[in-house]
Amino acid sequence: MKKVDRTMLYKVIAGVCFLVLCFTQTLHIRNMYNVESRNYNLDQKSRIKETYVRSITNDKLFPGGAQIIDSLLLPQLALLEKLSVTDNAAFLRHSKKLYDSIFSSLQKGSNMDSLLRSIKERNNIKTPLEYALIIQSIELAFKPNQYITFFNGTDTSVSASVPIVENFGAKISGRLTKLNPDNEISGLTVSSPLGHSYRIRFALHCESHDRLNQIILGMLPTILVSAFSILAVLIIFVITLINWQKQKKISEAKSDFINTITHEFQTPLSAIMIANKTIQNENQALNNERLSFLNGVIKRQTERLNILIKQVAGSNTDHGIALRLASYNVNEVLAELITDYQVNLQGKNTKICFTETAGSDRVLLDKMYFVSIIINLLDNAVKYNHKPAKELHLSTFNINEKLLRLSIRDNGDGMSEKVRKNMFTRFYRDPSLTRTNEPGLGLGLYFTQQSLKAHKWKYEVRSKEGIGTEFIIYIPLASMEGHTLETERLQTNHA
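Just so we're clear, the structure is a prediction, and the values are computed from it rather than from any experiment. Counting restarts for each chain, with residues numbered from 1 along the sequence as it is written. For a predicted model such as this one, the threshold for reporting local features is a pLDDT of at least 70, and the threshold for listing and counting side-chain atom pairs is 80 or more; totals across whole chains, interfaces and linings nevertheless cover every residue. The basis for the side-chain values is all heavy atoms of the structure; hydrogens and waters are excluded.

As used in this record, nonpolar core signifies buried Ala, Val, Leu, Ile, Met, Phe, Trp, Tyr and Cys residues forming a set joined through side-chain atoms within 4.5 Å. Throughout this description, buried means an accessible area under 20% of the type-specific maximum (1.4 Å probe, protein chains only), exposed means over 50%, and partly exposed covers the range between. Ranked by size, the top nonpolar core spans 42 residues in total, and within it Leu-73, Phe-103 and Phe-150 carry the most contacts. The contact partners of Leu-73, leaving out residues within four places of it in the chain, are Leu-80, Leu-98, Ile-102, Ile-138, Leu-140, Phe-150 and Tyr-198. Counting 37 residues, the second-largest nonpolar core is a separate cluster that includes Val-363, Ile-373, Val-419 and Leu-452. Contact criterion: two residues are considered in contact whenever any of their non-hydrogen atoms come within 4.5 Å of each other.

Structure (structure tokens):
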């Protein structure tokens, strides 16, 4: 249940991250669009504004616009002033009729079409443009600089014979329907400091009919890169998920296999140990030295096999190796180990040599794991050697008074760079062995490295293809003080 929940958690986290990526890219594209929209044809807008403002100097909206407004509004200012004081409702009714009449007259008298054509010709602008001329508000001043509202384009209750664009005002001329701050060319306010005057705000909006297409076309590379990155992340996620599920199944299959073989090995191993114990008891009466020697070999190897089975079973967990350190003479342990190992070399035309150069060889180690290290290295030296005469050389040497060097060298096939990089990987095997169906699980060197790390020993590997391999282990020598402290610790643990 926990594994299913963890798998679902990974999927949810990946899904959320993917959605966040999509949201971030969308936000980036939207912000980029806003920037491009504001800056679209900025130079062209600037030139149109400059020419338009010059064209209506001392005028309003378009050439002749001020005359139309003044002719209708100024004669009514006295009446409007009186109504604003005596009857507000009548003021509002009269204001509506009056500004509606002004807007209709401005619409009929508009010359903005010809003015915009002239502006385009002066500035050599070939782009087809649509425009809208908007009156945003009109305010009356019965006294100098004291204004009251006559028309407010943002008031949703206003109505007129000309179109009222919500939040913008009355459209006097033009066919542009979508108004926004980005397509505003010019926003002007014209007023007078005198009494019985008015203040008017108006704006010219102008836009190319294919403005959106042009902006999107300019943003297309960014959009494509964003879409590609999102698609690539999605594909990578799917491929990773599929590979992870495959690896999960393989890992579970390996775990099942290890659990099965360790369980199956325990029964015959127990029978061998019991049978060997019986032979040992029977041999006490016969006192056969050869049989005693073989009994010792069987006992030590079955104990080692038992440890190896436990190691294989432990490879499915993340727990480290728990060592039972004791003080040993390395030369004595190696001599005993080689004596036992030579039984495996019968008929294999293999020569094993041991050189005891080290005078000081007392070290702290876990004997079972140390023997496992050496046996694994010897097994590999034999297995990866296809020469007619195989040679194995073990030697010990004192580098100084605190350090011992143990060397295991062979004249075998050597290793390629790829094999050297992967030699300690769990379940990895040299492809040359898998092709020749040599037995093995790919766990020997993995356990060797784990055991070396548990002992905190340094090591190095020297290998050349076709010449051989040398595995060197650097082992700290045990001081008498350290030996005494270790003995006391072990006695305490046993107690």
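Moving on from the model shown.
Our focus in this paragraph is unusual backbone geometry. The backbone of Asn-145 shows a phi angle near 60 degrees, a positive value even though the residue is not glycine. Secondary structure counts use DSSP, requiring at least four H or I residues in a row for a helix and at least two E residues in a row for a strand, with both numbered from the N terminus. Summarising the element assignment, Asn-145 is placed in the loop between strand 1 (129–143) and strand 2 (146–152). Classification of Asn-145 as exposed rests on a relative accessible area of 54%. Although it is not a glycine, Asn-167 sits at a positive phi angle of roughly 70 degrees. With respect to the helices, strands and loops of the structure, Asn-167 is situated in the loop between strand 3 (164–165) and strand 4 (169–174). Looking at Asn-167, the relative accessible area reads 53%, which means it is exposed.

Below, the discussion takes up a nonpolar patch on the surface. Here the term patch refers to residues with relative accessible area over 30% and no salt bridge, with like charges joined within 9 Å and nonpolar side chains (Val, Leu, Ile, Met, Phe, Trp, Tyr) within 5 Å. The protein chains shown are the only cover counted for residues, whose accessible areas, like all others here, come from Shrake-Rupley with a 1.4 Å probe. For this analysis, a salt bridge means a side-chain nitrogen from Lys or Arg found within 4 Å of a carboxyl oxygen belonging to Asp or Glu. On the surface, a nonpolar cluster with roughly 550 Å² of combined accessible area is contributed by Leu-231, Leu-234, Ile-235, Phe-237, Val-238, Ile-239 and Ile-242. Relative to the assigned elements, Val-238 resides in helix 7 (residues 211–286). Residue Val-238 is classed as partly exposed on the basis of its relative accessible area of 36%.

Okay, the pairing of strand 10 (residues 390–400) next. Note on pairing: DSSP must find at least two bridges between two strands before they are called paired. Of the strand pairs in this sheet, strand 8 (residues 350–356) and strand 10 are connected by 7 bridges, and their pairing is parallel. Within the sheet, the bridge partner assigned to Thr-355 lies in strand 10 and is Ser-395. Sheet analysis places strand 10 next to strand 11 (residues 403–410), joined by 8 bridges and oriented antiparallel. Of the residues in strand 11, the one forming a bridge with Phe-397 is Arg-405.

Before going further, it helps to spend a moment on the sheet that holds strand 11. Across the sheet, 5 strands lie side by side as 8-10-11-13-12; this open sheet has mixed pairing. Bordering the open sheet on either side are strand 8 and strand 12 (458–464), each of which pairs with just one other strand. Sheet twist, expressed as the average angle between the axes of neighbouring strands with direction ignored, equals 15 degrees. Of the pairings in the sheet, the one linking strand 11 to strand 13 (residues 468–476) comprises 7 bridges and is antiparallel in character. Among the inter-strand pairings, Leu-403 is bridged to a residue of strand 13, identified as Pro-476. Packing against the sheet, helix 9 (residues 330–341) makes contact with strand 8, strand 10 and strand 11, and its axis sits at approximately 170 degrees to strand 8. The angle between two axes is taken between their N-to-C directions and runs from 0 to 180 degrees, where each axis is a line fitted to C-alpha atoms and a helix contributes only its stretch in contact.

Stacked, tilted and edge-to-face are the three classes assigned to paired rings of Phe, Tyr and Trp, where Trp is represented by its six-membered ring and a pair needs centres within 6.5 Å; plane angles under 30 degrees give stacked, over 60 edge-to-face, the rest tilted. Overall, the coordinates contain 9 aromatic pairs when judged by the stated rule. Pairing Phe-103 with Phe-151 gives two aromatic rings, centres 4.9 Å apart and planes at 80 degrees, and the pair type is edge-to-face. Separated by 48 residues along the polypeptide, Phe-103 in helix 5 (residues 88–109) and Phe-151 in strand 2 bring together distant segments of the chain.

Turning our attention to the packing of helix 3 (residues 65–73) against helix 5. Where helix 3 meets helix 5, the closest approach of the two axes is 10 Å, and the angle between their N-to-C directions is 150 degrees. Taken together, the axes of helix 3 and helix 5 are roughly antiparallel relative to one another. For helix 3 against helix 5, the interelement crossing comes out right-handed. Within the contact between the two elements, helix 3 uses Gly-65, Ile-68, Ile-69, Leu-72 and Leu-73 and helix 5 uses Leu-98, Ser-101, Ile-102, Ser-105, Leu-106 and Gly-109. The labels follow the angle: roughly parallel below 35 degrees, roughly antiparallel above 145, roughly perpendicular from 65 to 115, and oblique for the rest. In this scheme the handedness of a crossing depends on how the near helix is turned from the far one: anticlockwise by less than a right angle means left-handed, clockwise means right-handed.

This structure, assessed with the given rule, holds 6 salt bridges. With its nearest N and O atoms 3.2 Å apart, the salt bridge here joins Glu-50 to Arg-54. Within this pair, Glu-50 and its partner Arg-54 are both found in helix 2 (residues 42–55), separated by 4 residues, close to a single helical turn. Of the residues examined, Glu-50 reaches a relative accessible area of 48% and is grouped as partly exposed.

Expected helix span is given by 1.5 Å per residue-to-residue step, counting one fewer step than there are residues. End to end, helix 2 covers 20 Å across 14 residues, agreeing with the expected 20 Å (1.5 Å per residue, within 8%). Looking at helix 2, one finds that the buried residues are Gln-44, Lys-45, Ile-48, Thr-51 and Tyr-52. An end-on view of helix 2 places all buried positions within 135 degrees of arc, on one side of the element. Residues of helix 2 that are exposed and point over 90 degrees away from its buried face: Asp-43 and Arg-54. Here, the arc refers to the directions that run from the helix axis to the C-beta atoms.

For the rest of this paragraph, the subject is the side chain of Lys-390. Mapped onto the elements, Lys-390 comes out in strand 10. Owing to a relative accessible area of 16%, Lys-390 belongs among the buried residues under this scheme. Polar contact is the term for a pair of N or O atoms within 3.5 Å; when the atoms are in protein, one must be able to donate a hydrogen and the other to accept it, and sequence-neighboring residues count only if both atoms are side-chain atoms. A polar contact is formed between the side chain of Lys-390 and the backbone oxygen of Val-382, at a distance of 3.4 Å. A polar side-chain atom of Lys-390 sits 3.2 Å from the main-chain carbonyl oxygen of Asn-385. Those residues within four positions of Lys-390 in sequence are excluded, and the remaining contacts are Lys-348, Asn-349, Thr-350, Lys-351, Val-382, Asn-385 and Asn-411.

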